[in-house]
Amino acid sequence: MTVDEEALDRAFTALGDPVRRALVARLSRGEATVNELAEPFAITKQAVSRHIQVLEQAGLITRSRDGQRRPCHLVPSALEALTSWIDTYRLATEHSYRRLDAVLETLKETP
C-alpha cells in the first residue's frame, strides 16, 4: 500500500486544531449541519465554516445537499488511512518492546 504523504500531511495538520478534532468527534456520531456543529463553540459560524473547509480539503469530511440542508459527513476511509499509517509504527514498536521484555525475562532467570 502506498501512502500519500501529502494527504497525510493535510489530515494531520487539520487534526492539529482542537476545534477541528471536536468537529470530527461530533461527526463520528452522525451527520450534522454547520449550525449544529457550531452550537457548542464560543466562536462564530463563519469560523466553524472555515474549520469545516480545512477538514474538507484534508479529505476527512464531505458535505451533501438535502433540500435546504447541507449536512457534513465524516469520511471513514480517510480516518482508516491515518490509523493504518499509525498502526505500522505502533506494531513495530510493540514488537521491539516484546523482544526487550523477553531479554529482560532471561536476565531475571540468570543467577
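Below is a short write-up of the structure. None of the values given here were measured: they were computed from a predicted structure.

Focus: a nonpolar patch on the surface
Logical step 1: A contiguous nonpolar patch, built from Y97, L100, V103, L104 and L107 and spanning about 490 Å² of accessible area, is present on the exposed surface.
Logical step 2: Mapped onto the secondary structure, L100 falls in helix α5 (residues 76-109).

Here's the deal with the packing of helix α2 (residues 18-27) against helix α4 (residues 45-57)
Logical step 1: Running from N to C, α2 and α4 point in directions that differ by 75°, and their axes come no closer than 10 Å. Comparing the axis directions of α2 and α4 gives the class roughly perpendicular. Contacts from V19, R20, L23 and V24 in α2 reach V48, H51, I52, V54 and L55 in α4.
Logical step 2: Looking at the contact of α2 with α4 residue by residue, the class counts come to seven nonpolar, one polar and one charged.

Focus on the packing of helix α1 (residues 5-14) against α5
Logical step 1: Packing of α1 against α5 leaves a shortest axis separation of 11 Å and a crossing angle of 100°. In terms of orientation, α1 lies roughly perpendicular with respect to α5. The segment α1 lies against α5, with L8, A11 and F12 engaging L82, W85 and I86.
Logical step 2: When its residues are assigned to classes, the contact of α1 with α5 shows six nonpolar, no polar and no charged.

Focus on α2
Logical step 1: Every buried residue of α2 is accounted for by V19, R20, L23, V24 and L27. Looking straight down α2, one finds its buried side chains confined to an arc of 140°; they lie on one side.
Logical step 2: Looking at the buried positions of α2, the neighbouring elements they touch are α1, α3 (34-38), α4, β1 (61-63), β2 (72-74) and α5.

Some points on the pattern of salt bridges
Logical step 1: Considering all chains together, one arrives at five salt bridges under this definition.
Logical step 2: Where R69 meets E31, a salt bridge forms, and the shortest distance between an N and an O atom there is 3.4 Å. Of this pair, R69 sits in the loop between β1 and β2 while E31 sits in the loop between α2 and α3; the two residues are 38 residues apart in sequence, bridging distant segments of the chain.
Logical step 3: We classify R69 as partly exposed; its relative accessible area is 30%.
Logical step 4: Residue E31 is classed as partly exposed on the basis of its relative accessible area of 38%.
Logical step 5: Across the salt bridge formed by E105 and K108, the nearest N and O atoms sit 3.5 Å from each other. Taken together, the positions of E105 and K108, both in helix α5 and three residues apart, correspond to about one turn of that helix.
Logical step 6: K108 sits in the exposed class, given a relative accessible area of 65%.
Logical step 7: Shared partners join several salt bridges into a network, and the residues in it are E31, E36, D66 and R69.

Remarks on the nonpolar core
Logical step 1: The biggest cluster of nonpolar side chains holds 23 residues, and the ones touching the most others in it are L37, I52, L60 and I61.
Logical step 2: Every element with two or more residues in this core is listed here: α1, α2, α3, α4, β2 and α5.
Logical step 3: With four residues, the single largest contributor to this core is α2.
Logical step 4: Beyond its immediate chain neighbours, meaning those up to four positions away, I52 contacts L23, V34, L37, I61, R63 and C72.

Rules and cut-offs
Residues numbered from 1 in each chain as written. Predicted model: local features only at pLDDT ≥ 70, side-chain atom pairs only at ≥ 80, totals over all residues. Heavy atoms only, no water. Patch = residues over 30% accessible without salt bridge, like charges linked within 9 Å, V, L, I, M, F, W, Y side chains within 5 Å. Areas by Shrake-Rupley, 256 points an atom, 1.4 Å probe, with all protein chains shown as cover. Salt bridge = Lys/Arg side-chain N within 4 Å of Asp/Glu carboxyl O. Helix = DSSP H or I, 4+ residues; strand = E, 2+ residues; numbered from the N terminus. Axes fitted to C-alpha atoms, helices over the stretch in contact; angles between N-to-C directions. Parallel < 35°, antiparallel > 145°, perpendicular 65-115°, else oblique. Contact = heavy atoms within 4.5 Å. Nonpolar A, V, L, I, M, F, W, Y, C, P; charged D, E, K, R; others polar. Buried < 20%, exposed > 50% of the residue type's maximum accessible area, 1.4 Å probe, protein only. Arc of directions from axis to C-beta. Core = buried A, V, L, I, M, F, W, Y, C linked by side-chain atoms within 4.5 Å.

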